[in-house]
Amino acid sequence: MDSGLEMGSILLNDQPDRYPATCASSSATGRRLCACARRSSLDKTSRDAVHWRVVAAVRPQLAERAEAESKAPAPDKPPELGQQTWKQAFPAARMAEDLRAGAVVFARGRRGQPCLDVCTEIGFGCSPAWFDVVNTCAALLAAFPEARSCDSKVFGVDLPAYRPSTGEVLVNSKPQEFRGLCSSHDANTKRLCACGFPRSGPQTSRTYHTVYSVQASRYFEWQVRFMHHWFKEAQVPGRITRLLSAGGPDFLVGPIPTHVAPPNPVPVDAGYQPYNKPAAIMHWLENSKPTEDVVVIIDPDCMYVSPLEIIVDEGFPVAQRAFFSFANTNDVPMQIARRYCTGCTFVDPIAVPVIIHRRDLIKIAPRWLQKTAQIRAERGTWPPNWDNKTLSPVGLGWTAEMFGYVFAAAELGIRHEVMDLQNVPTVHREINTHILHYHVDVPLSNGKRWYKHDEDAGFKFPWPVPEGTDEVSETIVRKVYEAYQHLGPSNHTWTTPNRYTPEV
């Protein structure tokens, strides 16, 4: 049917039964109104069939495990820090109850698709606790009946899965050392995923709120303006709010969505400004009462290059892999954890960005501030290699707030999926994430560089970008240049340099 574009009219199909509309139909002179559905791995009928086949396969296993766990003697003490297994963290009786309550949906992904995407497509968060349960030949063969055999000698964080090219389902033979991750995938396999929600029913909605913490300063002013420009340009879902720790509103409150929180929440240690992050988040949650289910915490020097849309289930947040690790029990991070993480059986090496359910953040925020203050209060007693800049691998004097979050979450039993959510100059050359983090020097191929701490960083850029510059660095310099060209100067008069120094 001709849609009558040149006539400026809208045309309705008055005989839809005789001439049913098809997605492939087109008109050389018209524009169509289309209904677009989010692509899912399988239609709902097929997805339901996969789910119930897997349920039938895992139910006897869970019942057997629950009976064995009920007869086992209670341990003399909890697992040592970092030694807790998933079976200890998620007892079979609890998993069986979730299964009976319908609090999990088993779904198979497309080739090369991570479980985060599989679950987000059907509107739920990925539940990594279930990887241990479905890591059996029986569960995998139920999900992939076209498979011809089962290989239980392989291992990897992208398992359990099915490899179509060989007709084999793959069981992870080393789940403790290579714990299955929601974010992992392999171009040659299809994953079996568990998508979960609370027993009361699916309550995690596809609603997002991005937040970041700043003070009123010249250093943050241009980062804030650029951030909101990029957020809109990348069409990131949901809202974004600047959490401003200040004695009152500043000149950006009008054009920039802002929540103002009191600064210096720990007066006896007022010089340590990272306290403002947990305090501002807590104040925002208590006073603004956001309704979005998924909160994304970023830093002001993060740059969106594409929409970030990951749904997380309550109790299973996702976070960026930190620069430190708890892998070695004798390393400095683990020494710090043993001292300050009370009753912890695990610790996650994480940093921002953090993608977390709002209800989890409500629990973590007060303890986050408390743990940070506890760590900072004892800095006079730290060994030199915890804080001395020439000896310490972590610089706890500055990173106490990061460790405060890690320990607060661990004490509450909230484990994170650790993954790469951002690309960083000098670390990465190609873009394969939604966010670029420009907290370090941005090198160019001609030996020049751009650095956010330079006095003229917000208005002077090494332009044009020379050929041969890697994609990450080229994109950062190009986008800060374009943002300034689009927004222009703020014309606000600052009395402080381009440093981390608040004026309000």
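Here, the structure is the one placed above.
Definitions and limits used
- Residues numbered from 1 in each chain as written.
- Predicted model: local features only at pLDDT ≥ 70, side-chain atom pairs only at ≥ 80, totals over all residues.
- Heavy atoms only, no water.
- Helix = DSSP H or I, 4+ residues; strand = E, 2+ residues; numbered from the N terminus.
- Buried < 20%, exposed > 50% of the residue type's maximum accessible area, 1.4 Å probe, protein only.
- Contact = heavy atoms within 4.5 Å.
- Areas by Shrake-Rupley, 256 points an atom, 1.4 Å probe, with all protein chains shown as cover.
- 1 Å grid on protein atoms, 1.4 Å probe; cavity = no way out; pocket = protein on both sides within 12 Å on 5 of 7 lines; lining within 4 Å.
- Points joined across faces, edges and corners; volume = space filled by probe spheres on them.
- Nonpolar A, V, L, I, M, F, W, Y, C, P; charged D, E, K, R; others polar.
- Pairing = 2+ DSSP bridges.
- Axes fitted to C-alpha atoms, helices over the stretch in contact; angles between N-to-C directions.
- Phe/Tyr/Trp six-rings, centres within 6.5 Å; stacked < 30°, edge-to-face > 60°.
- Salt bridge = Lys/Arg side-chain N within 4 Å of Asp/Glu carboxyl O.
- Core = buried A, V, L, I, M, F, W, Y, C linked by side-chain atoms within 4.5 Å.
- Disulfide = S-S within 2.5 Å.

Q: Which parts of the structure should I look at to understand the overall build of the protein chain?
A: Helix and strand counts for the protein chain stand at 13 helices and 18 strands. Taking all 504 residues of the protein chain together, the buried fraction comes to 50%. Long-range contacts, defined here as pairs at least 24 residues apart, represent 74% of the contacts in the protein chain between residues at least 6 apart. Within the structure as shown, the protein chain displays about 23900 Å² of accessible surface, and the carbon and sulfur contribution to it stands at 52%.

Q: Sorry, what's going on with the layout of surface pockets here?
A: Empty pockets left among the atoms are what a rolling probe the size of a water molecule brings to light. Each pocket or cavity is described by its volume, and for the largest pocket that value is around 1100 Å³. Taken together, 36 residues line the largest pocket, and the ones lying closest to its centre are D299, W398, M402, H437 and H439. Counting residues per element, the ones that place at least two in the lining of the largest pocket are helix 7 (218-233), strand 12 (318-321), strand 13 (350-357) and helix 12 (396-411). Counting residues per element, the lining of the largest pocket draws most heavily on helix 12, which supplies 5 residues. When its residues are assigned to classes, the lining of the largest pocket shows 19 nonpolar, 10 polar and 7 charged.

Q: What should I look at first to understand the sheet that holds strand 10 (residues 294-297) in this one?
A: Strand-to-strand pairing in sheets goes through backbone hydrogen bonds, with the strands running parallel or antiparallel. As summarised here, the arrangement of the 7 strands in space is 9-8-7-10-13-12-14, forming an open sheet in which the pairing is mixed. With one partner strand each, in any of the chains shown, strand 9 (258-261) and strand 14 (417-419) form the two edges of the open sheet. Adjacent strand axes in the sheet meet at a mean angle of 25° when their direction is disregarded. Across 4 bridges, strand 12 lies against strand 13 in antiparallel orientation. Bridge assignment links R321 to a residue of strand 13, and that residue is I350.

Q: In this structure, what is going on with the packing of aromatic side chains? I would like to understand it.
A: The relation between two aromatic rings is expressed through the spacing of the ring centres and the mutual angle of the planes. For the structure on display, the rule yields 24 aromatic pairs. Centre to centre, the rings of F403 and F407 are 5.8 Å apart; their planes meet at 50°, and the pair counts as tilted. Highlighted residues: F403 and F407, both in helix 12, separated by 4 residues, approximately one helical turn. Taken individually, F403 and F407 each receive the classification buried, so the pair is uniform in this respect.

Q: Where do I start with the pattern of salt bridges in this structure?
A: Close approach of charged atoms allows side chains of opposite charge to pair. Overall, the coordinates contain 28 salt bridges when judged by the stated rule. The shortest N-O distance in the salt bridge between R218 and E455 comes to 2.6 Å. With R218 in helix 7 and E455 in the loop between strand 18 (449-450) and helix 13 (471-487), this pair connects stretches of sequence that are 237 residues apart. When its relative accessible area of 37% is taken as the criterion, E455 is described as partly exposed. Here D360 and K363 are joined by a salt bridge, their closest N and O atoms 3.9 Å apart. Placement of the pair is D360 and K363 together in helix 10 (residues 358-377), with a separation of 3 residues, close to one helical turn. What makes D360 buried here is its relative accessible area of 1%. On the basis of relative accessibility, which here comes to 43%, the residue K363 falls in the partly exposed class. Connected via shared salt-bridge partners are E314, R359, D360 and K363.

Q: Would you mind going over the nonpolar core with me for this structure?
A: The nonpolar side chains of a soluble globular protein tend to be buried, and buried together. F326, I336, V347, L396, F403 and F407 are the most contacted members of the largest nonpolar core, which has 53 residues in total. Among the elements that take part in this core, helix 12 stands out by supplying 9 residues, more than any other. F407 has contacts with F326, I336, A337, Y340, C341, C344, V347, K371 and I375, leaving out every residue within four places of it along the chain.

Q: Whenever I open this one, the pairing of strand 1 (residues 104-108) confuses me. Can you help?
A: Across the 5 residues of strand 1, 5 count as buried, placing the element largely inside the fold. Of the two faces of strand 1, the one carrying V104, F106 and R108 and the one carrying V105 and A107 are both buried. Note that strand 1 and strand 6 (residues 190-196) share 5 bridges and pair antiparallel. Note that in strand 6 the partner of A107 across the bridge is C193.

Q: Looking at this structure, how should I read the state of the cysteines?
A: What makes a disulfide is a covalent bond joining the sulfur atoms belonging to two cysteines. Per the counting criterion, the structure on display carries 5 disulfides. In this model, C115 is linked to C193 through a disulfide, with the two sulfur atoms separated by 2.1 Å. Between C115 and C193, the S-S dihedral sits near -80°, and the bridge is therefore left-handed. Here C115, found in helix 4 (residues 115-121), pairs with C193, found in strand 6; they are 78 residues apart in sequence, far enough to count as distant. Judged by relative accessible area, which is 1%, C193 ranks as buried. Across the disulfide, C119 is cross-linked to C195 (sulfur-sulfur distance 2.1 Å). Here the disulfide of C119 and C195 is left-handed, its torsion about the S-S bond being about -75°. With C119 in helix 4 and C195 in strand 6, the pair connects residues that are 76 residues apart, well separated along the chain. For the protein chain, numbering the cysteines in disulfides from first to last along the sequence yields the connectivity 1-7, 2-8, 3-6, 4-5, 9-10.

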